[in-house]
Amino acid sequence: MLAADDHRYRRQSLFPPIGLAGQRRLGAATVAVVGCGATGGATAQLLARAGIGRLVMVDRDLVAEDNLHRQVLFNESDAREMRPKAEAAAAHLREVNSQIKIEPAVAHLHAGNIDELLAGTDLVVDGTDNVATRFLLNDWAFANTIPWIYVGAVGGEGMLMPVAPPHGPCLRCLLPEPPPPGVLATCDTAGVVGPVPAAMGAMAATEAIKLVIGAGEREPRLRSIDFWHWRVHTIALPVRQGCPTCVEGRFEFLEAQPGSRLTEICGRDSYQIVPRDCGSLDLAWIASRWKGGNQTRSKSFIRIEEGGMRLVLFADGRALIEGAGEAGRAQAFYDRVVGA
Ligand SMILES: [Zn+2]
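These numbers were taken from a predicted model, which means no experiment stands behind them.

S.K.: For the nonpolar core, give the residues involved together with the corresponding values.
M.R.: In this structure, Val31, Leu47, Leu55, Met57, Leu93, Val125 and Ile149 are the most contacted members of the largest nonpolar core, which totals 40 residues. For this core, the secondary structure elements donating two or more residues are strand E1 (30–34), helix H4 (38–50), strand E2 (54–59), helix H6 (85–96), strand E4 (123–126), strand E5 (148–154) and helix H10 (195–212). Those residues in contact with Val125, other than ones at most four positions away along the chain, are Val31, Ala32, Val33, Val34, Thr43, Ile149, Val151, Ala204 and Ala208. Core analysis: the second largest hydrophobic core is formed by 33 residues, Ala107, Trp140, Met161 and Leu254 among them.

S.K.: Describe in detail the pairing of strand E14 (residues 319–322), supporting the description with residues and values.
M.R.: Only one face of E14 is covered, namely the face carrying Ala319 and Ile321; the face carrying Leu320 and Glu322 is uncovered. Pairing geometry for strand E10 (residues 270–275) and E14, over four bridges, is antiparallel. Its bridge partner lying in E14, Gln272 is registered against Leu320. When strand E13 (residues 309–314) meets E14, the two strands line up antiparallel, connected through four bridges.

S.K.: Give me the lowdown on the coordination of the zinc ion, citing residues and values where you can.
M.R.: Around the zinc ion, the protein contributes the donor atoms Cys170 (SG), Cys173 (SG), Cys243 (SG) and Cys246 (SG), at 2.3 Å from the metal centre. Coordination at the zinc ion is tetrahedral, judged from the four donor atoms that bind it and the angles of 98 to 126 degrees they form at the metal. In the primary sequence, the donor residues of the zinc ion line up as C-x2-C-x69-C-x2-C. Of this pair, Cys173 sits in helix H9 (residues 171–174) while Cys246 sits in the loop between strand E8 (231–235) and helix H11 (252–255), and the two are 73 residues apart along the sequence. The class for Cys246 is buried, based on a relative accessible area of 13%.

S.K.: Can you tell me about the side chain of His92, naming the residues and giving the values?
M.R.: With respect to the helices, strands and loops of the structure, His92 is situated in helix H6. Classification of His92 by relative accessible area gives buried; the value is 17%. Excluding residues within four positions of it along the chain, His92 makes contact with Leu73, Phe74, Asn75, Asp78 and Arg83.

S.K.: Tell me about the domain arrangement of the chain, and name the residues and values.
M.R.: Per the domain assignment, the segments making up the chain are domain 1 (4–255) and domain 2 (260–338). Here domain 1 packs against domain 2, burying approximately 1,300 Å² in sum over the two surfaces, 49% of which is carbon and sulfur. Here domain 1 and domain 2 share one salt bridge between them. One salt bridge in this structure joins Asp335 and Arg60, with 2.7 Å as the shortest N-O distance. Applying the counting criterion to the domain 1 and domain 2 interface returns one residue pair in polar contact (both at pLDDT 80 or more). Looking at side-chain class alone, the side of domain 1 that touches domain 2 contains six nonpolar, five polar and five charged residues.

Here is what the cut-offs are and how they apply
- Numbers given for residues are sequential positions, taken from 1 along each chain in its written order.
- Local features in a predicted model are, by the rule used here, given only for residues with pLDDT of at least 70; side-chain atom pairs are given and counted only at 80 or more, and totals for whole chains, interfaces and linings are based on all residues.
- The basis for every side-chain value is the complete set of non-hydrogen atoms in the structure, without hydrogens or water.
- By nonpolar core is meant a set of buried Ala, Val, Leu, Ile, Met, Phe, Trp, Tyr and Cys residues that side-chain atoms within 4.5 Å join together.
- Relative accessibility decides the category of a residue: with a 1.4 Å probe and only protein chains considered, values under 20% of the type maximum give buried, values over 50% give exposed, and everything between is partly exposed.
- The helix and strand labels rest on DSSP assignments: H or I over at least four residues marks a helix, E over at least two residues marks a strand, and numbering proceeds from the N terminus.
- Between two residues, a contact is recorded if the distance between any of their heavy atoms is within 4.5 Å.
- Pairing between strands is defined by DSSP: at least two bridges between them are needed.
- Counted as donors are the N, O and S atoms within 2.8 Å of the metal, or 3.2 Å for Na, K and Ca, while water is not among the atoms, so some sites may look incomplete.
- Geometry is assigned from donor-metal-donor angles: four donors are tetrahedral when every angle falls between 85 and 135 degrees, four are square planar and six octahedral when opposite donors sit over 155 degrees apart with all other angles between 65 and 115, and any other arrangement is irregular.
- For the domains described, the bounds stem from an automatic or database domain assignment.
- By convention, the term buried area covers the 1.4 Å-probe accessible surface removed from two parts as they join, with the contributions of both added.
- The rule for a salt bridge is simple: a side-chain nitrogen of Lys or Arg has to be within 4 Å of a carboxyl oxygen of Asp or Glu.
- Pairing of N or O atoms within 3.5 Å defines a polar contact, subject to two protein rules: one partner must be a possible hydrogen donor and the other a possible acceptor, and residues neighboring in sequence count only if both atoms are side-chain atoms.
- The residue classification treats Ala, Val, Leu, Ile, Met, Phe, Trp, Tyr, Cys and Pro as nonpolar and Asp, Glu, Lys and Arg as charged. All others, Gly included, are polar.

Structure, rendered in structure tokens:
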């Protein structure tokens, strides 16, 4: 006789590699999804349905109308009310599965709070939209010997790579250093086909299930999929000689102070961001590829208005942001504009 929980998941535990034993391991596991937008939201929904016992949902941003074409967890009223994504995601997921623990954290993940936010997790899934947080996750994973899954989606393409400490390869074998701000394509500059991040989220959820039950690949591969042209690549990424994270065990992103200095300017609902080691930005390039919001440009700055926020970006990387309401939203807007 099956227990009630087992009945709920019987179509999944019927699959022999999972079985009842695997299903119970899922129920005993904690998975953190960092970033609850398009890929993270899709992953989280499928993991909640799959019966992961405890889901930690971290996100610093608010739901906006132009999220809705791809962020399957959210609806129009979330956008109208500008609900924090982590909270809106948790509320919807509790309607999907009331039998698991779902813990939202409305926060900008950084070196100073990552231990606390990810405490007790068995696996971390990347739902972020920025390189800085991924480097931090990569360091944290090796410092704590916790697996994580790198996931990205932009345009019509997606990438995925499980990372399984203490063994490499890791994200820094693929990308040794974070590229300078403004170089990488983001969903705000290259756009994104709505179903692509959802498909990547489904793949990440499948990998997560495999890792939790101990059925992950012995040698994780990088998967790169161009959905628009149906090009699929599997790459056996070598461990990069001298990789600071997975070879030398140096965790410079985990030990660093937060990458940029964000300060509130009192009384004006305004924030200033001064990035560390930014050098100079090509404002014309950033302005030309920005597709969202209204923008005006002068020789020394660009000004972008979107969703009640106004950002003024200077060539040295410094920015002033008004109307964000809170620091995480200001930082998120900045990162989207400069492609950090
Ligand atoms: Zn590495």
